[in-house]
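Chains, contacts and geometry: an overview
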Amino acid sequence: MSAASKYNRIAPIYEFIDLPLELPYFRKWRKEALSGLSGRVLEVGIGTGRNLKHYPLNCSVTGIDNSKGMLEKAGEKAKGKKNVTLLLMDAEHLEFPDNSFDYVVTTFVLCTIRDPLKALKEMRRVLKPSGELIALEHMHSSDPFIARLEDIINPFMFFLLGDHMTRHTVKDIKEAGFTIQEIKNLAFRDVFRKIRAKP
Ligand SMILES: C[S@@+](CC[C@H](N)C(=O)[O-])C[C@H]1O[C@@H](n2cnc3c(N)ncnc32)[C@H](O)[C@@H]1O
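Now for a look at the structure at hand. As the structure is a computational prediction, the values presented were derived from the model and not from experiment. (Residues numbered from 1 in each chain as written. Predicted model: local features only at pLDDT ≥ 70, side-chain atom pairs only at ≥ 80, totals over all residues.)

Attention shifts here to the site of the ligand. Neighbouring the ligand are 21 residues, the closest being Gly45, Gly47, Ser67, Ala91 and Thr107. It is helix H1 (residues 3-10) that provides the largest number of residues to the shell around the ligand, a total of three residues. For the shell around the ligand, the residue count by class is ten nonpolar, six polar and five charged. (Near = placed C-beta within 6 Å. Helix = DSSP H or I, 4+ residues; strand = E, 2+ residues; numbered from the N terminus. Nonpolar A, V, L, I, M, F, W, Y, C, P; charged D, E, K, R; others polar.)

A few words now on the sheet that holds strand S2 (residues 59-65). Across the sheet, seven strands lie side by side as S3-S2-S1-S4-S5-S7-S6; this open sheet has mixed pairing. The sheet is open, and its two borders are formed by strand S3 (84-88) and strand S6 (179-187), each paired with just one other strand. Adjacent strand axes in the sheet meet at a mean angle of 15 degrees, parallel and antiparallel pairs treated alike. With seven bridges joining them, S6 and strand S7 (residues 192-198) adopt antiparallel strand pairing. Looking at the pairing, Asn185 lines up with Arg193 of S7. Along the sheet face, helix H2 (residues 14-34) touches strand S4 (101-107), strand S5 (127-138), S6 and S7 and points at about 170 degrees away from the line of S5. The strands touched by helix H4 (residues 116-126) are strand S1 (39-44), S4 and S5; relative to S5, the strand with the most contacts, the crossing angle is about 145 degrees. (Pairing = 2+ DSSP bridges. Axes fitted to C-alpha atoms, helices over the stretch in contact; angles between N-to-C directions. Contact = placed C-beta atoms within 7 Å.)

Let us look at H4. The complete set of buried residues in H4 reads Pro116, Ala119, Leu120, Glu122, Met123 and Val126. Within H4, the buried residues cover an arc of 160 degrees as seen down the axis, which keeps them to one side. Summarising the contacts, the buried residues of H4 are in contact with S1, S4, S5 and helix H6 (169-175). (Buried ≥ 20, exposed ≤ 12 C-beta atoms within 10 Å, placed from the backbone. Arc of directions from axis to C-beta.)

Below, the discussion takes up H2. Taking 1.5 Å of rise per residue, the 21 residues of H2 would be expected to cover 30 Å, yet its terminal C-alpha atoms sit only 22 Å apart, more than 12% below that figure. Along its length, H2 reaches its greatest deviation from straightness, about 75 degrees, at Glu22, and the proline Pro24 lies no more than four positions downstream. Along H2, the residues that are buried comprise Phe26, Trp29, Arg30, Ala33 and Leu34. Elements in contact with the buried residues of H2: S4, S5, S6 and S7. (Expected span 1.5 Å × (residues − 1). Bend = angle between axes of the 7 residues up to and from the residue.)

Phi is positive for Asn99, which is not a glycine, with a value near 55 degrees. Along the chain, Asn99 turns up in the loop between S3 and S4.

Encoded structure:
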């Protein structure tokens, strides 16, 4: 089953499944990462639109997702927001010209995209040279014990959410041609991290 079909199926209950991480962790990370942005923002894999309330009004936000079901949920949150555009689109084939955005945002997305390197190269292409990638992501830990646990739960997470626990996201970001500006460990040692990078 493709990631899009999986997310179409779980869209009605996604926010409920996510709640044990959203309430204690994600909510404050989202606010901290997004509340200072301005200009043209592309959010890749916007899901149910949980980040939308954190963007300042001077941001013009384009949110894309390849799951119609998730995008419909985001549409409910975007109602009445004139600065938000939502589009059904594949992160691996972004339909925007080069140098279009001041920021590209991904939150808990690079773990689900089929080919994250391809998607990251697309994100780099559509970012202005002065722009910035802001990512809140989980990845394979450098701690061998935690990494082993991630290896064990990986097949279940993939089955349930199309989620890969064993990705080397910092390496992928560098390989896509970005220069890392900041890496901040957020939780579970270095599993959840905030990454800022320049194209
Ligand atoms: C774990 S959810 C995270 C949703 C949201 N970013 C958040 O922070 O709550 C991953 C999202 O990425 C989307 N996604 C996965 N692969 C994608 C792709 N190739 N193109 C666009 N969206 C994709 C899924 O449909 C899903 O909505």
